[in-house]
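A look at the structure
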Amino acid sequence: MRLGGQVYKLIGCPVDENDIFILLSGYSINVSEDERPSGNSQYIRDRESGCVAGDGSVFCADKRVSLDHLNQANLRMDRRKLLKLAGSAVISLFSGCAQLETGGNAQNQGGTITVTPPDGLIDDPLEIRLSDFEPNEEISVRAHTTDNHGQTWLSFGQFKTDGDGTLSLTQQAPISGTYERVDPRGLLWSMQALDGPAISFTTDELYTVHVSVQRNGTTVASTRITRRFIATDVGEHPVDEDGLVGVFFEPPGSGPHPAILTLHGTEGQVPWLLGAMLASHGYATLALQYFDPIGKTELPTSLVEIPLEYFERAIDWVLDRPSVTGDRVGVVGPSIGGELTLLLGATLSRIGVIVGYVPSSLVWEGPGGERPMWTYNGKDIPFVPIEVNQESVPSLIGAAAAGIRGRPIRVADLFRPSFDDLGAESVKAGIIPVDEIDGPVLLISGKDDGIWPSTALSEIAIHRLDSHDHPYAYEHLAYENAGHIISVPAQPTTDWDTFNVMPGMTLDAGGTASGNAHAAADSWPRVLEFLAEGLR
């Protein structure tokens, strides 16, 4: 395969007495005349079997079968993902090759891969080091895993070893590949879904990444990396009492531990990942669900008239746990949960620190309009209505055109006309009084947020904190090329640019894979620092 003037051999397995070489050209897979197994130059990959098809035949690792025996309707290639998959688009064909895999330190046919640590939390520092290779030789380092949906996720980098035959991914950027800059965790976040349009990367408590090194198309070393979303000794307890729904995560030991409340966004699901990861860092965490669009619980089914007293009960509940210390909690939430996080901090007592991912410092109207999202003490929380006026027309036309064409819809610009005039009475009433938050405030936003303009909305809060001389630490981390989805680092970010709201409707969340990965990696240590400052 030729990419950037170089030739890469993609499959080191014999296929019908030949090795397949693939040339990437536009949106199709082409096999050049002197490299293809047989006459037709157009080849595509079977989504179900992982085989390469063309010229009336399918090549599956070490055997060839007739297309008549396959469902040709399933033969397709995801064009949007193809360009970056480059040297790795047929990873499932490796099933026919003998590969030795161990954990951590693997010495195979022609070199050693050392991974430190081989088993750790997803946010642990990672070092991948190669040794015992030829000096100054070009090699390919690849990674792949399979998620709960059965999707294969894959990444790769083309490197050149140092003069002593070693290579450290903490010091060297790939010559080409699925990521560009020096990044020891680049192979993790740049993994891309191989089997068509990605369903969001989903695993259980851990996932295993297979890392291999190819020399001239032949696998010469391989190993495994285990990454965990929750520490092995964290307790996980479902909560369904006092009208509360969620999961309580307890760090190991008798404690006592500081407490955190984590909130979700418009997806309406228990924020398991944030709860699990914060508990893994020593916080007793209640991951709270506050509405249920599916209707499996007694919670409201939509974001309308949610009483803040629900969250007061949640604070009471978590502070009453024997393993919890202190009389205040931290609150962390993304998106609409970020808006809620700021609102809770400004309204309720016993909140010691606030972290809002891509938040809004304005309270918005509920779905359907003219109804509040939140209430307190039996009264509606004032909100900003979403106005549709002449300024909204270009955004509405663009959104409609994208929807008709089946493209992701960008809706962020639809919010801007509603708060252009911060002095308008309708806007002033909905501004969250963040100056009343009794603790540190950390806001995180993406400058390319496609869901709502979280950077501008966060700046409104920062300006208010400035003007009121907020006595606690506060900070706004705004990231270039980052969108609406910013989370825990070192997970695949190649699907973070879209957000599926319902079958047939996808929103443009914004950002690039590398931009979102950088935002996640850079902000996470600051999240932990702010929480420690507010609660310890």
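Here is a short report on the structure shown in this document.

Definitions and cut-offs
- Residues numbered from 1 in each chain as written.
- Predicted model: local features only at pLDDT ≥ 70, side-chain atom pairs only at ≥ 80, totals over all residues.
- Heavy atoms only, no water.
- Helix = DSSP H or I, 4+ residues; strand = E, 2+ residues; numbered from the N terminus.
- Buried < 20%, exposed > 50% of the residue type's maximum accessible area, 1.4 Å probe, protein only.
- Contact = heavy atoms within 4.5 Å.
- Areas by Shrake-Rupley, 256 points an atom, 1.4 Å probe, with all protein chains shown as cover.
- 1 Å grid on protein atoms, 1.4 Å probe; cavity = no way out; pocket = protein on both sides within 12 Å on 5 of 7 lines; lining within 4 Å.
- Points joined across faces, edges and corners; volume = space filled by probe spheres on them.
- Nonpolar A, V, L, I, M, F, W, Y, C, P; charged D, E, K, R; others polar.
- Salt bridge = Lys/Arg side-chain N within 4 Å of Asp/Glu carboxyl O.
- Phe/Tyr/Trp six-rings, centres within 6.5 Å; stacked < 30°, edge-to-face > 60°.
- Lys NZ or Arg CZ within 6 Å of the ring centre and 35° of its normal.

Things to note about the overall build of the protein chain
When helices and strands are counted, the protein chain shows 9 helices and 33 strands. In the protein chain, buried positions account for 55% of the 536 residues. Across the protein chain, contacts joining residues at least 24 apart in sequence account for 66% of those joining residues at least 6 apart. For the protein chain, the accessible surface area stands at approximately 22000 Å², while carbon and sulfur atoms represent 48% of it.

Quick look at the layout of surface pockets
Quantified by volume, the second largest pocket comes out at close to 780 Å³. Looking at the lining of the second largest pocket, the elements that each hand over two or more residues are helix H1 (79–85) and helix H9 (513–535). Per-element accounting of the lining of the second largest pocket gives the leading share, 7 residues, to H9. Residues belonging to the lining of the second largest pocket are distributed by class as follows: 15 nonpolar, 12 polar and 9 charged.

Topic: the pattern of salt bridges
Across all of its chains, the model carries 13 salt bridges by this definition. A salt bridge links Arg371 to Glu305; its shortest N-O distance comes to 3.8 Å. Placement of the pair is Arg371 in the loop between strand S27 (351–357) and strand S28 (374–376) and Glu305 in the loop between strand S24 (284–289) and strand S25 (306–307), with a sequence separation of 66 residues. Under the relative-accessibility criterion, Glu305 is labelled partly exposed at 38%.

With respect to the packing of aromatic side chains
In this structure the tally under the stated criterion is 13 aromatic pairs. Seen in terms of ring centroids, Tyr179 and Trp189 are 6.2 Å apart; in terms of plane orientation they differ by 65°. Their pairing is edge-to-face. Here Trp189 lies in helix H2 (residues 186–189) and Tyr179 lies in the loop between strand S17 (176–177) and H2, a separation of 10 residues in the sequence. A connected cluster of aromatic rings, assembled from ring pairs, spans Tyr290, Phe291, Tyr310, Phe311 and Trp374. Here the guanidinium or amino end of Arg321 rests over the ring plane of Trp317, the centre of that ring lying 3.9 Å away.

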